[in-house]
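Residue-level listing of the chains:
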Amino acid sequence: SESAATILQRSGVAQTRALAALGPNTTYHTVTMQHREQSPDVTNTSEFALPDDTTTDLVMTFDSAGMLDTFSQVVRGADGQIYQRGEWLADHLVFTDVKSGAIQSQVPYSRFPATAIRDRLSKATTAAVTALGPSATAKTATIDGIATFVIETPGNRTYIDRNNYNLVRSEQLALDGHVTEYTMPLTVEVLPGA
């Protein structure tokens, strides 16, 4: 009986609440599983190729002032092999292909407060609710044994746990409606200490 916008708002609140402890001297840790359909015109032979199924382990620590202190990311394939590493060096996020040692990209990146993670989540929720409009409704489905609300927008489908409003899965859709990519958060936690 809830509108899709209300469900998204409740999900945003649940996710923000889960990050309430994020601040000075804390560690933000996420593990995300992702499946990406490879484009037929792209061969997977480049030195920077990732397998279709990956798990990304991200750790960000925050110092005594609550500012970003370290960033570390590891991308593994379903076989457990590490394909990519990311770290924050000299105000750049540097992503390295493990097999070749080649740098994939260097993205300018500055220190930010831990609260910015919650702020980004809040802005993303507000944008999604605005895009949906007040009349959008949610469907229901069971995915991986979890009863979910299903919210569809052009190009995207989101599954939200009907019990606790946590994000279960998000999908990107092709124009014909088939899933080209999906992401599932496996771990989202705030740990004491940096």
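Before reading on, note that the structure itself is shown above.
For the structure given in this document, a descriptive report is provided here. Being a predicted model, the structure only gives us computed values, none of them experimental.

## A word on the pairing of strand β2 (residues 53-62)
Then, number 1: Two strands pair when backbone bridges link them, and strand β1 (residues 26-36) and β2 are joined in this way by ten bridges, in the antiparallel orientation. Looking across to β2, one finds that Thr 27 is bridged to Thr 61.
Then, number 2: Bridging between β2 and strand β3 (residues 68-77) involves nine bridges; their strand directions are antiparallel. Bridge pairing links Thr 54 to Gly 77 in β3.
Then, number 3: In textbook terms, the turn of a hairpin is the stretch between consecutive antiparallel strands, and for β2 and β3 this stretch comprises five residues, one of which, Gly 66, has a positive phi near 80°.

## Quick word on helix α2 (residues 115-132)
Then, number 1: Along its 18 residues, α2 runs 26 Å from first to last C-alpha, staying within 8% of the 26 Å computed at 1.5 Å per residue.
Then, number 2: Buried residues of α2: Ala 116, Ile 117, Arg 118, Leu 121, Thr 125, Val 129 and Leu 132, and no others.
Then, number 3: Looking at the buried positions of α2, the neighbouring elements they touch are α1 (4-18), β1, β2 and β8 (146-153).
Then, number 4: Positioned one or two residues after α2, Gly 133 has a phi angle of 80°, which is positive.

## Some words on α1
Then, number 1: In this model, α1 (15 residues) spans 21 Å end to end at C-alpha, consistent with the 21 Å of a helix rising 1.5 Å per residue.
Then, number 2: Three or more residues of α1 are buried, namely Ala 4, Ala 5, Ile 7, Leu 8, Ser 11, Gly 12 and Ala 14.
Then, number 3: Those residues of α1 that are buried lie in contact with α2, β8, β9 (156-161) and β10 (167-173).

## Observations concerning the sheet that holds strand β11 (residues 179-192)
Then, number 1: As summarised here, the arrangement of the eleven strands in space is β6-β5-β4-β3-β2-β1-β11-β10-β9-β8-β7, forming an open sheet in which the pairing is antiparallel. Lying at the two open borders of the sheet, with one neighbouring strand each, are β6 (103-108) and β7 (139-143). Adjacent strand axes in the sheet meet at a mean angle of 20° when their direction is disregarded.
Then, number 2: Note that β10 and β11 share four bridges and pair antiparallel. When the bridges of β11 are listed, Ser 170 appears paired with Thr 183.
Then, number 3: Most of the contacts of α1 go to β8, to which it runs at about 120°, and overall it touches β8, β9, β10 and β11.
Then, number 4: Set on the sheet, α2 makes contact with β1, β2 and β8; between it and β8 the angle comes to about 65°.

## Brief notes about the layout of surface pockets
Then, number 1: If you add up the space inside the largest pocket, you get close to 1,200 Å³.
Then, number 2: Lining the largest pocket we find 36 residues, and of these Gln 15, Leu 121, Leu 167, Ser 170 and Pro 185 sit closest to its centre.
Then, number 3: Of all the secondary structure elements, the ones that give two or more residues to the lining of the largest pocket are α1, β1, β2, α2, β8, β9, β10 and β11.
Then, number 4: Examining the composition of the lining of the largest pocket, we find that seven residues originate from one element, α2, more than from any other.
Then, number 5: For the lining of the largest pocket, a count of residues per class yields 18 nonpolar, 15 polar and three charged.

Rules used throughout
- Residues numbered from 1 in each chain as written.
- Predicted model: local features only at pLDDT ≥ 70, side-chain atom pairs only at ≥ 80, totals over all residues.
- Heavy atoms only, no water.
- Pairing = 2+ DSSP bridges.
- Helix = DSSP H or I, 4+ residues; strand = E, 2+ residues; numbered from the N terminus.
- Expected span 1.5 Å × (residues − 1).
- Buried < 20%, exposed > 50% of the residue type's maximum accessible area, 1.4 Å probe, protein only.
- Contact = heavy atoms within 4.5 Å.
- Axes fitted to C-alpha atoms, helices over the stretch in contact; angles between N-to-C directions.
- 1 Å grid on protein atoms, 1.4 Å probe; cavity = no way out; pocket = protein on both sides within 12 Å on 5 of 7 lines; lining within 4 Å.
- Points joined across faces, edges and corners; volume = space filled by probe spheres on them.
- Nonpolar A, V, L, I, M, F, W, Y, C, P; charged D, E, K, R; others polar.

The analysis is restricted to geometry; functional conclusions fall outside its scope.
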